[in-house]
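# Notes for the structure review
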Amino acid sequence: MKQSIKMALSSILSNKMRSFLTVLGVIIGVVAVVVLSSLGEGAMDSVTGQIEDLGANLMQVTVKTDRYTGIDLDNLASLADGETISAVSPVLSQSVTAKSTLDTYDCTLEGVGASYFYIRQLEVEQGVTVGELDNDLRLPVCVIGVKVADRLFGTRDVVGQSVSVRGYDLRIVGVLEEQGSSMIISDDEKIIIPFTLAQRMFGSTSITSFYASGASEDVMDQAEQRLRRFVSARVSDPDDDFSLTSQSAVLDMMDEVTATLTTLITGIAGIALLVGGIGIMNIMLVSVTERTREIGIRKAIGAPRSAILMQFLVEAIVLSVAGALIGLAVSTALLMALRGPMGIPTLAVSPGSATLALTFAVCIGVLFGIYPANKASKLNPIEALRHE
Amino acid sequence: MIELEDIQKRYVLGGETVTALDHVNLTVGDHEYVSIIGPSGSGKSTLMNIIGCLDAADGGVYRLDGVDIARYSQRQLAAIRGRKIGFVFQQFNLLQKLTAYENVELPLIYQGVSEKERRVRVGEALSRVGLGQRMHHRPNQLSGGQQQRVAVARAVVTRPSIILADEPTGNLDSKTTVEIMDMLEELHAQGNAIVLITHNPEIAARAPRCVHIRDGRLSEVEPGGSRAVEGGGA
């Protein structure tokens, strides 16, 4: 065995360029598979993390109809029973242009209840959040995201300053902690004001969207039922007029997407490595023909069929495994280089895809090596010796 | 000890059946040195392939050291080629990528000889052919005569029952031819059995016993030069 590997290596190294071109197919296949699946996994992890960061046991209800919904602040408040639903907060979002003395900025204005920050697990970096009293008194105050602060004031030290939105002068009472880039919602680009103020600003009387948080993970099903009953009783078509999104439902969906992606990547992997394998088989067949005389000599001096078979098989396996290892190294480098641009600092070769690639490579080496090796081992020594 | 009894071999060539060996009988003793001479197409290559266990006869019995080789499997025949027969070819047939040392070592690797013993035996064999100093050269760094010496070393390193030399001097000039022939005679003197196949009467005449082959039939050539009875030597 040791001798077989030694022989295989010397034969591969004696024809470096050809060996490299041969394994290139495997290298590209492995890189494609490993990088794609690692990117996919990294992105999924990142998105999943962001969904989890949205808040524990978060649920969101959006009423699709424009008609009066029958949901108001009073009955909404009664939804939080403490056993299944711990808190609720109405939401009213609009795109607006905000002005400071220095600049203007297009961003999202969101009117929220006092529980909003608890439900969404948002913290302020400076100042305070929008509270109960602000809502009760409809005070013109706001909490802004860091990006809004940066753009309007050029600094994040803005508590006490004012922004002007739709003719309202809003006093900044707090600045949200930076959320970082997010693929879903960026709270960094929001201006958050009391819900009651937003209602007045946009002339809306009913509530069409609200967040609720389940009391615990164990009661999410009950909490969801309670929400459904509550909203169904207040819209004209309970089947169609509203949507309820829970964090667990989104995560379930993500799992499905991941599964589909994995299947897809496995398919690509199969095709890519198949192509690589055919390349190896092709060159092994050429090699057998070129070395017919060598095979004849080896047989004449006593090499059994098994030794010839082993020699060529090992050569094919060494080629494909070398390709896989080079592919893994290239993938590692590539993924490290992609960390910054993709905004996923944990991006790395996933152990699953590395194992898959290596296993595949060995299988391909055996599968596509066995035919040429068998052909070599079956050569008639007399004819092989006569071969020029 | 080689015993060929009534060996026949036929080929089908372009729809025509060619008789390459026609009821051949030949015995070569344990320490004998026999030359087989014949023109091309006489069947001497076929004979060599059969003696060398590279090919099987269509009829007759071939006993090598007392055992009928028809009883051996392909795998066992490979082992017999490795252990009992040492080939020396006209084209040397060394592996170009391997050094002289590695070429001589190869049959021992196939026999599963330990590395330690391989080193001793390869060193010995290369010294016997006078190439102890050049063992790490590749064939293309050696002259024709030197390459054939490596091939001879490869043939004797397994301590075979018989050395089978097929036109060993066919690609060599007259000076190196003499060297190689001297070396073969020396090996014979040391107790090796040798079968030498050639078309050159001068070379053939150097052997103590000479067999003539023509149209697949053997005839013994007496030391005096006259021909013996057809099918002799059994």
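Just so it is clear, the structure is predicted and the values come from calculations on it, not from any experiment. (Residues numbered from 1 in each chain as written. Chains lettered and ligands numbered in written order. Predicted model: local features only at pLDDT ≥ 70, side-chain atom pairs only at ≥ 80, totals over all residues. Heavy atoms only, no water.)

To continue, consider the overall build of chain A. Looking only at helices and strands, one finds 13 helices and ten strands in chain A. Its C-alpha atoms give chain A a radius of gyration of 33 Å, more than 25% over the compact-globule value 21 Å for 388 residues. Oriented by its inertia axes, the alpha-carbon framework of chain A measures out at about 105 × 50 × 30 Å. Residue pairs at least 24 apart in sequence account for 78% of intrachain contacts in chain A once pairs closer than 6 positions are excluded. Of the roughly 18,200 Å² of accessible surface on chain A, a fraction of 57% belongs to carbon and sulfur atoms. Both charge centroids of chain A, one from 29 positive and one from 41 negative side chains, sit 17 Å from each other. (Helix = DSSP H or I, 4+ residues; strand = E, 2+ residues; numbered from the N terminus. Rg over C-alpha atoms; globule rule 2.2 N^0.38 Å. Contact = heavy atoms within 4.5 Å. Areas by Shrake-Rupley, 256 points an atom, 1.4 Å probe, with all protein chains shown as cover. Lys, Arg positive; Asp, Glu negative; His and termini not counted. Charge placed at Lys NZ, Arg CZ, Asp CG, Glu CD.)

On to the pattern of salt bridges. All names here are of chain A. Counted under the stated rule, the structure contains 28 salt bridges over all chains. Across the salt bridge formed by arginine 226 and aspartate 81, the nearest N and O atoms sit 3.5 Å from each other. Of this pair, arginine 226 sits in helix α8 (residues 220–232) while aspartate 81 is found in the loop between α3 (73–79) and β2 (85–99), placing the two residues 145 residues apart along the sequence. Look at aspartate 81 and you get partly exposed, because its relative accessible area is 32%. (Salt bridge = Lys/Arg side-chain N within 4 Å of Asp/Glu carboxyl O. Buried < 20%, exposed > 50% of the residue type's maximum accessible area, 1.4 Å probe, protein only.)

A few words now on the domain arrangement of chain A. Looking at the assigned domains, one finds that chain A contains domain 1 (2–50 + 253–386) and domain 2 (65–240). The C-alpha centroid of domain 2 of chain A is placed 55 Å from the C-alpha centroid of domain 1 of chain A. (Domains from an automatic or database assignment.)

With that settled, the discussion passes to the packing of helix α10 (residues 292–300) of chain A against helix α11 (residues 305–342) of chain A. All names here are of chain A. In the contact formed by α10 and α11, the axes pass within 10 Å of each other and the chain directions differ by 145°. Taken as a pair, α10 and α11 cross one another with a handedness that is right-handed. Residues Glu294, Ile295, Arg298 and Lys299 of α10 lie in contact with α11, whose contacting residues are Arg305, Ile308, Gln311 and Phe312. Of the residues in the contact of α10 with α11, the class split is three nonpolar, one polar and four charged. (Axes fitted to C-alpha atoms, helices over the stretch in contact; angles between N-to-C directions. Left-handed = near helix turned anticlockwise from the far one by under 90°. Nonpolar A, V, L, I, M, F, W, Y, C, P; charged D, E, K, R; others polar.)

Attention now goes to the side chain of lysine 190 of chain A. One can find lysine 190 of chain A in strand β8 (residues 190–194). At a separation of 3.2 Å, a polar atom in the side chain of lysine 190 of chain A contacts the side chain of glutamate 110 of chain A. (Polar contact = N/O pair within 3.5 Å; in protein donor to acceptor, adjacent residues only side chain to side chain.)

Here the focus is the interface of chain B and chain A. Tallying the contact residues gives 21 residues for chain B and 21 residues for chain A. Put simply, chain B and chain A have zero salt bridges between them. Inspection of the chain B/chain A interface yields four residue pairs in polar contact (both at pLDDT 80 or more). Elements supplying a minimum of two residues to the side of chain B that touches chain A: α2 (74–84), α3 (100–110) and α4 (115–128) of chain B.

Turning our eyes to something else, we now look at helix α6 (residues 146–153) of chain A. All names here are of chain A. Those residues of α6 lying buried are Val146, Val148, Ala149, Leu152 and Phe153. Buried residues of α6 fall within an arc of 160° about the axis and therefore sit on the same side. Looking one or two residues beyond α6, the residue adopting positive phi is glycine 154, at roughly 75°. (Arc of directions from axis to C-beta.)

So, on to helix α1 (residues 44–51) of chain B. Residues and elements named next belong to chain B. The buried fraction of α1 amounts to seven of the eight residues, a majority that puts the element mostly inside the structure. The complete set of buried residues in α1 reads Lys44, Thr46, Leu47, Met48, Asn49, Ile50 and Ile51. Looking one or two places after α1, you find cysteine 53, whose phi comes out positive at around 60°.

A separate point is the pairing of strand β6 (residues 162–165) of chain A. Residues and elements named next belong to chain A. With burial as the criterion, only one face of β6 is covered, namely that bearing Val163 and Val165; the residues Ser162 and Ser164 on the opposite face remain uncovered. Judged from the two bridges that link them, β2 and β6 form a sheet pairing that is antiparallel. Looking at β6, one finds that lysine 99 is bridged to serine 164. In this sheet, strand β7 (residues 168–176) lies alongside β6 in antiparallel orientation, the contact comprising four bridges. Bridged to valine 163 within β7 is leucine 170. A loop of two residues connects β6 with β7, the two strands running antiparallel in sequence, and arginine 166 in this loop sits at a positive phi of about 50°. (Pairing = 2+ DSSP bridges.)

Counting across every chain of the model gives four aromatic pairs over all chains. The interplanar angle of 90° and the centroid separation of 5.6 Å between the aromatic rings of tyrosine 116 of chain A and phenylalanine 117 of chain A together place this pair among those described as edge-to-face. Of the residues examined, tyrosine 116 of chain A reaches a relative accessible area of 0% and is grouped as buried. Overall, the relative accessible area of 5% leaves phenylalanine 117 of chain A in the buried class. Judged by centre distance (5.4 Å) and plane angle (10°), the rings of phenylalanine 87 of chain B and phenylalanine 89 of chain B are stacked. The two residues phenylalanine 87 of chain B and phenylalanine 89 of chain B agree in class, both being buried. Chaining the aromatic ring pairs together yields one cluster made of Tyr116, Phe117 and Tyr211 of chain A. (Phe/Tyr/Trp six-rings, centres within 6.5 Å; stacked < 30°, edge-to-face > 60°.)

This part takes up unusual backbone geometry. Residue and element names in this part refer to chain B. The phi dihedral of aspartate 65 falls on the positive side, at around 50°, and the residue is not glycine. The residue aspartate 65 is located in the loop between β4 (59–64) and β5 (67–68) in this model. Positive phi outside glycine occurs at aspartate 215, with the angle close to 50°. Turning to its location among the elements, aspartate 215 is positioned in the loop between β9 (209–214) and β10 (217–221).

The next thing to look at is the sheet that holds β4 of chain B. All names here are of chain B. Pairing is antiparallel across the open sheet formed by four strands, whose spatial order is β2-β1-β4-β5. Single-partner strands in this sheet number two, and they are β2 (16–28) and β5. Two strands pair when backbone bridges link them, and strand β1 (residues 2–13) and β4 are joined in this way by five bridges, in the antiparallel orientation. Looking at β4, one finds that isoleucine 2 is bridged to leucine 64. Of the strands in this sheet, β1, β2 and β4 touch α1, which is tilted by about 125° from β1.

As a further point, take a nonpolar patch on the surface. Residues and elements named next belong to chain A. On the surface, Val362, Val366, Ile370 and Tyr371 cluster together to form a nonpolar patch covering roughly 320 Å² of accessible area. Relative to the helices and strands, tyrosine 371 is located in helix α12 (residues 351–377). For tyrosine 371, a relative accessible area of 48% translates into the label partly exposed. (Patch = residues over 30% accessible without salt bridge, like charges linked within 9 Å, V, L, I, M, F, W, Y side chains within 5 Å.)

All names here are of chain B. The pLDDT averaged across chain B works out to 89; a share of 95% of its residues lies at or above 70. When pLDDT is averaged over each element of chain B, strand β3 (residues 33–37) comes out on top at 94 and strand β11 (residues 227–230) at the bottom at 45. Low pLDDT, under 50, characterises residues 226–234; the stretch is placed with 23 contacts to residues that sit more than four places away or in other chains. Scoring of the predicted complex yields 0.70 for pTM and 0.89 for ipTM. (pLDDT = per-residue confidence, 0-100.)

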